[in-house]
Each structure stands twice: as structure tokens, then as C-alpha cells.
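Here is how the chains run, residue by residue.
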Amino acid sequence: MHIPVTGGRPRSRRDILFFGAALGSTALLSACGGDTTGPTATSTAGTAGTAAGAFPVTIRDTFGTVTIPKAPSRILSLGRTDHDVLLALGIVPIGVFQFTEEMKRGVGVWAESKLGTVTPEFFSPPFDYEQVGRLHPDLILDVQSRGDKDEYKSLTAFAPTVGLPPDRDPNSVPWQQSTDVISTAVGRETDGAALVSRTEALLKKAAADNPTFAGRTVTILLAWEGEVAVYSSADTRTQVVTALGLTPSKYVTSLGTEEAFVSLSAERMADADADVVIVLSQQGLPKEKTLAEYPQIARMAAVTENRAVFPDNNTGLALSFASVLSIPYAIKALVPQIGDALR
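Residues numbered from 1 in each chain as written. Predicted model: local features only at pLDDT ≥ 70, side-chain atom pairs only at ≥ 80, totals over all residues. Heavy atoms only, no water.

Enquirer: So, the overall build of the protein: which residues are in play, and what are the values?
Expert: Looking only at helices and strands, the protein has 13 helices and 15 strands in total. Residue burial in the protein is summarised as follows: out of 343 residues, 55% are buried. Of the contacts made within the protein by residues no fewer than 6 positions apart, 71% connect residues no fewer than 24 positions apart. For the protein, the exposed surface amounts to about 13700 Å²; the carbon and sulfur share of it is 51%. (Helix = DSSP H or I, 4+ residues; strand = E, 2+ residues; numbered from the N terminus. Buried < 20%, exposed > 50% of the residue type's maximum accessible area, 1.4 Å probe, protein only. Contact = heavy atoms within 4.5 Å. Areas by Shrake-Rupley, 256 points an atom, 1.4 Å probe, with all protein chains shown as cover.)

Enquirer: Run through the packing of aromatic side chains, naming residues and quoting values.
Expert: Summed over all chains, the structure comprises seven aromatic pairs. Pairing Trp110 with Phe321 gives two aromatic rings, centres 5.2 Å apart and planes at 70 degrees, and the pair type is edge-to-face. Here Trp110 is found in the loop between strand 6 (95-97) and strand 7 (121-123), whereas its partner Phe321 is found in helix 12 (residues 313-321), with 211 residues between them in sequence. Accessibility classification places Trp110 together with Phe321 in one group, the buried group. (Phe/Tyr/Trp six-rings, centres within 6.5 Å; stacked < 30°, edge-to-face > 60°.)

Enquirer: Residues and numbers for the pairing of strand 4 (residues 64-68), please.
Expert: The pairing of strand 3 (residues 57-61) with strand 4 spans five bridges and is classified as antiparallel. Each residue of the ladder has a partner; that of Arg60, found in strand 4, is Thr65. The turn joining strand 3 and strand 4, which pair antiparallel and follow one another in sequence, is formed by two residues. (Pairing = 2+ DSSP bridges.)

Enquirer: Can you tell me about the sheet that holds strand 7, naming the residues and giving the values?
Expert: The strands that make up a sheet are held in pairs by hydrogen bonds between backbone atoms, and each pair lies either parallel or antiparallel. With parallel pairing, the five strands of this open sheet are ordered in space as 7-6-5-8-9. Two strands bound the open sheet, and with one partner strand each, they are strand 7 and strand 9 (161-162). Strand direction decides the pairing type here: strand 5 (residues 75-77) and strand 8 (residues 139-141), joined by three bridges, are parallel. Residue pairing across strands places Ser77 opposite Leu141, the latter belonging to strand 8.

Enquirer: Can you explain helix 4 (residues 149-156)? Please cite residues and give values.
Expert: When we look at burial in helix 4, the residues that qualify are Glu151, Tyr152 and Leu155. Seen end-on, helix 4 carries its buried residues on one side only, within an arc spanning 100 degrees. Exposed residues on helix 4 whose side chains face more than 90 degrees from its buried face are Lys149, Asp150 and Lys153. Residues of helix 4 that are buried in the fold lie against strand 3, strand 4, helix 3 (129-135), strand 8 and strand 9. Its side-chain oxygen placed 3.2 Å from the backbone nitrogen of Asp150, Asp148 serves as the N-cap of helix 4. (Arc of directions from axis to C-beta. Polar contact = N/O pair within 3.5 Å; in protein donor to acceptor, adjacent residues only side chain to side chain.)

Enquirer: How would you explain the nonpolar core if you had to name every residue and give the values?
Expert: Formed by 75 residues in total, the largest nonpolar core has its most connected members in Val162 and Ile338. Examining the composition of this core, we find that seven residues originate from one element, helix 13 (residues 326-341), more than from any other. For Ile338, the residues in contact, after removing those within four places along its chain, are Phe213, Leu244, Leu246, Val276, Ile278 and Val309. Among the nonpolar cores identified, the runner-up in size contains 21 residues, and Val277, Leu291, Met300 and Phe310 belong to it. (Core = buried A, V, L, I, M, F, W, Y, C linked by side-chain atoms within 4.5 Å.)

Enquirer: Any chance you could break down the side chain of Glu151 for me, citing the residues and the numbers?
Expert: Inspection of the secondary structure puts Glu151 in helix 4. At a separation of 2.6 Å, a polar atom in the side chain of Glu151 contacts the side chain of Arg146. If we ignore the near neighbours within four places in the chain, the residues touching Glu151 are Phe127, Tyr129, Asp142 and Arg146.

Enquirer: So, the packing of helix 6 (residues 189-209) against helix 13: which residues are in play, and what are the values?
Expert: In contact at an axis separation of 10 Å, helix 6 and helix 13 are set at 10 degrees when each is read in the N-to-C sense. On the basis of their axis angle, the class for helix 6 and helix 13 is roughly parallel. Residues Thr199, Leu202, Leu203 and Ala206 of helix 6 touch helix 13, and the partners they reach there are Ile327, Pro328, Ile331 and Val335. By residue class, the composition of the contact of helix 6 with helix 13 is seven nonpolar, one polar and no charged. (Axes fitted to C-alpha atoms, helices over the stretch in contact; angles between N-to-C directions. Parallel < 35°, antiparallel > 145°, perpendicular 65-115°, else oblique. Nonpolar A, V, L, I, M, F, W, Y, C, P; charged D, E, K, R; others polar.)

Enquirer: Please give an account of the pattern of salt bridges that cites residues and values.
Expert: Opposite charge on two side chains permits pairing when their charged atoms draw close. All chains considered together, the criterion is met by nine salt bridges. When the shortest N-O distance is used, the salt bridge between Arg237 and Asp235 registers 2.7 Å. Take Asp235: its relative accessible area is 4%, and that puts it in the buried class. A salt bridge links Arg268 to Asp271; the shortest N-O distance between them is 2.3 Å. Classification of Arg268 as partly exposed rests on a relative accessible area of 39%. (Salt bridge = Lys/Arg side-chain N within 4 Å of Asp/Glu carboxyl O.)

Right, here's the structure in full:
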């Protein structure tokens, strides 16, 4: 994947944090809206599972409070992974944030079946507000977002907009919280809670089924633009794999939780070693090419001792999404690979 850029450089460090593990895109995302040739999507919000009298709903985000007066029927999903929650609830949004161009229908392979015959319109920052207006949304979700105040204000001119939750860093909302916020916004809070419980139960079962994971250390690396970075305990990727019973490595723990994404110099690579090291590649490179292009990773003990895991593109994307739809997909692939690495 190529990180969306402006003027040839990443838009911001926080955007690198999120886009950095959006593995495998072969071209830059469009600066404005994406492919709009598909049929216009219509949501099913307000039908199955909506409690009578659930509206109006008032939600607090980092910019204040937003009131949703009635069950929405045309939901625009602009948060990076917000659409996964909607689709898990059986709601097809009219537009989605296209994470990478390889997602031809705007969503990951784990979510495509939820679209039915509909392909939503695509968006990427800076958002095309004319395109937003043409879709006539009655609710805009921008929960897993950059938390940009001006962007948020512009969106509220079109429809009630639910933005970044209070006291959360941009692009770093825990998947449980984003599920709760989004399901509440569409009048499906109970269904959202059930999705969270089901996903947590799946993670607990995977941990119970793999007792050898307990207490073993893990580091997740990202290879991008010739450099290497490491995810801290604050990042959702680390949170997903540690829910399997693994423990953040000593180096990851030393990073604290203020930053979710920290650059790692070639001289410090050995410090990031762990019982298992998961390597995500910006370009979605296979193991051999990753090691050829990133010799500092190739020299790690975890690699030379076969304790490193190199997920394929879709698995890496699913881990990066960390949603109620993508987590089951990610752990199904990762668990046996981690098991092999720990033998």
C-alpha cells in the first residue's frame, strides 16, 4: 500500500499511524471521492433491531453533542472502519471510506458479502463535499477519524455528524467503543453490545484453545518507505493479539501508551525482538521481498530463528481494521501462524 500523501509526503504522523498498516494498495488513493459508478447504496437502518422510541438519540463526541432526531435511512460512513460496524448490523451505507484501492467495493474481503448487490460510493480525505451533498445523507459517521475540527464542521452542514469520541486520539478508538457509539447512533445499541460480546468471546476462546500463547511476548512491526516502525500497547493491532494471551514485549511496554506508532532505527531492531514478531508490510510484500528490502528486519533473531510471522495482505488489513467483522478473519489466519512460530 502507498500511504495517501499531499505534496509527496504523508499527510500527518497520525495518518501514517493508521494508513501505515493498510497493506497492499498498488496506487495512491484519490484525493477526492473514489469510484462513483456503482449503484447508489441505501441503508437499512431503522428496520430490524431498532427499539421503538429509541429516537431521538444524543451522542457526545469530542466537539460537543449531536442529536439524531429519527432513525436514519441514508448513512454516510467516513470513519476509516466505521462501515464494518454498520455492515455487521445489516446496514449498508451510501458511502464508505475506501481504505485502499485494492478494496474494489470499498470494503475488506471479510465484509464484501454484507454489501449484497450494492457498491457504496468511495471517499478519502480531503473529502469531496459536493459528493457528500449529492448523496443527501441523514447521518454521517466519522468516529474512527482524524478528529479534524474544520472537517467536522463542514460535514455537520449536511447532516448530524458523529465524530471522534471524547478523550480519544485520532484514528485510535478501541473497536469496542466505536461499535458502541455507532450502534447507538443508529438505534441498535443492544445489537452492538451483542457484537462486542461475541467478538470478545471469540478472542477468549482462541486464547483458551492455544494455552502455549500465554505469557509469550509479541512485537508488531511495520515496514514502510524503507523504514521500520513498531506499534505500542496503545494500538488496536497489539490489543487484538494480546487478547489471544500474548504479552507485549519488553520494548513495546517501554514505549508507554501516549504514542501508538514509533519509528525504530536499524540500531535498535534487536531491542524489539520477542518470542514472536509480526511483520506488516506497507506494500503488502511477501516475506522474501520484505526481507530483501528491509535487511534490518532480516537480521533480527526472530527472523533467523523462524519466530517471525508475515501475514498476507488481507490478514494484515483485517488486523489493522480491528473491527467486529475483521477480527474473526484476522485471528483465523494469524493463530496457526503464531502457533507455528512459537513451536
